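One letter stands for each residue in the lines below.
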Amino acid sequence: MDWKVIQAAGEMKSLEIFLNFPVADMNRNVLWRDASEVSPEQAKRLTDFWGDESWKEAGYSGEGDLFGHPEKQPNEVIAQAFRERLKNVASFKYVPDPMPMRNSREAIIYYLFFASPNPVAGKIVTDIFDSYRSQGIR
């Protein structure tokens with residue numbers, strides 16, 4: 001999905017979205033230890049999805065490893081940065097913590113986001129997400 005569509009939905013103040021945030025794809029194709037090895041096409045794909053190149057700041061810490069490569073941030077940090085974009089850039093008023101969706105090996109493959117201008121919808125989805133989290137269901 002292109003960020004322009006997400007932002008337009010938020011700015012309309014009348015649409016709610018569910019969004020699969022493909023963190024496994026990001027890790028496999030873009031968020032590498034050595035960012036200089038990432039293909040420009042893959043980096044552009046993430047930029048189009050994220051909306052700008054601020055994903056680089058969200059995806060890597062300022063501190064480098066022993067070889068000078070920036071350290072990749074944990075998936076949760078990256079997902080929270082995107083959550084902030086949904087609220088502060090796309091103007092969705094209610095964006096609950098996303099639901100991590102896991103594969104059979106317990107690895108997070110994507111985060112399920114919900115974003116809405118509606119407080120009632122935000123509360124309903126928050127309750128549903130929290131119910132699944134508390135039950136340990138993936």
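Only a predicted model underlies this, so the values are computations on that prediction, with no experimental measurement involved.

Draft legend 1. Summary view of the nonpolar core. Judged by nonpolar contacts, the single largest core of 28 residues is most densely connected at Ile6, Phe21, Phe82, Leu86, Phe92 and Phe113. For this core, the elements supplying multiple residues, two or more each, are helix H1 (3–12), strand E1 (17–21), helix H2 (23–29), helix H3 (40–50), helix H4 (55–59), helix H5 (75–88) and strand E5 (108–115). The contacts of Phe113, once residues within four sequence positions are left out, are Ile17, Phe18, Leu19, Phe21, Ala79, Phe82, Arg83, Leu86, Val95 and Pro98. By size, the runner-up hydrophobic cluster in this structure holds seven residues, among which are Met99, Met101, Leu112 and Phe114.

Draft legend 2. Structural context of the pairing of E1. Going residue by residue along E1, you find Ile17, Leu19 and Phe21 tucked away on one face and Phe18 and Asn20 left uncovered on the opposite face. Relative to E5, E1 runs antiparallel, the two sharing five bridges. Counted as the bridge partner of Leu19 is Phe113 from E5.

Draft legend 3. Examining H3 more closely. Burial in H3 covers these residues: Leu46, Thr47, Phe49 and Trp50. Within H3, the buried residues cover an arc of 165° as seen down the axis, which keeps them to one side. Opposite the buried face of H3, at more than 90 degrees from it, the exposed residues are Pro40 and Glu41. Buried residues along H3 sit in contact with H1, E1, H2, H4 and H5. Where H3 ends, the next residue or the one after it, Gly51, has phi of about 105°, a positive value.

Draft legend 4. Highlighting a nonpolar patch on the surface. Together, Val120, Ile124, Ile128 and Tyr132 make up a nonpolar patch on the protein surface, roughly 370 Å² of accessible area in all. Within the secondary structure layout, Ile128 lies in helix H6 (residues 119–135).

Draft legend 5. Seen up close, the pattern of salt bridges. Taken as a whole and assessed by the stated rule, the structure comprises eight salt bridges. Residue Arg85 is joined to Asp52 by a salt bridge in which the shortest nitrogen-to-oxygen separation is 3.3 Å. Separated by 33 residues along the polypeptide, Arg85 in helix H5 and Asp52 in the loop between H3 and H4 bring together distant segments of the chain. On the basis of relative accessibility, which here comes to 9%, the residue Arg85 falls in the buried class. For Asp52, a relative accessible area of 29% puts it in the partly exposed group. Of the charged contacts in the structure, one is a salt bridge between Lys87 and Glu84, with a shortest N-O distance of 3.5 Å. With Lys87 and Glu84 both in helix H5 and three residues apart, this pair spans about one turn of that helix.

Draft legend 6. Spatial organisation of the environment of Trp3. Relative to the elements of secondary structure, Trp3 occurs in helix H1. Taking relative accessible area as the criterion, Trp3 reaches 3% and is therefore assigned buried. For the pair formed by Trp3 and Ser104, sequence separation is 101 residues and the distance between their alpha carbons is 30 Å. When near neighbours in sequence (up to four residues on either side) are disregarded, Trp3 contacts Asp48, Phe49, Trp50, Gly51, Phe82, Arg85, Leu86, Val89 and Ala90.

Draft legend 7. Geometry of the environment of Ala43. With respect to the helices and strands, Ala43 occurs in helix H3. Considered as a pair, Ala43 and Trp55 are 12 residues apart in the sequence and their alpha carbons are 9.7 Å apart. Setting aside chain neighbours within four positions, we find Ala43 in contact with Val30, Val38 and Trp55.

What counts, and at which threshold
- Residues numbered from 1 in each chain as written.
- Predicted model: local features only at pLDDT ≥ 70, side-chain atom pairs only at ≥ 80, totals over all residues.
- Heavy atoms only, no water.
- Core = buried A, V, L, I, M, F, W, Y, C linked by side-chain atoms within 4.5 Å.
- Buried < 20%, exposed > 50% of the residue type's maximum accessible area, 1.4 Å probe, protein only.
- Helix = DSSP H or I, 4+ residues; strand = E, 2+ residues; numbered from the N terminus.
- Contact = heavy atoms within 4.5 Å.
- Pairing = 2+ DSSP bridges.
- Arc of directions from axis to C-beta.
- Patch = residues over 30% accessible without salt bridge, like charges linked within 9 Å, V, L, I, M, F, W, Y side chains within 5 Å.
- Areas by Shrake-Rupley, 256 points an atom, 1.4 Å probe, with all protein chains shown as cover.
- Salt bridge = Lys/Arg side-chain N within 4 Å of Asp/Glu carboxyl O.

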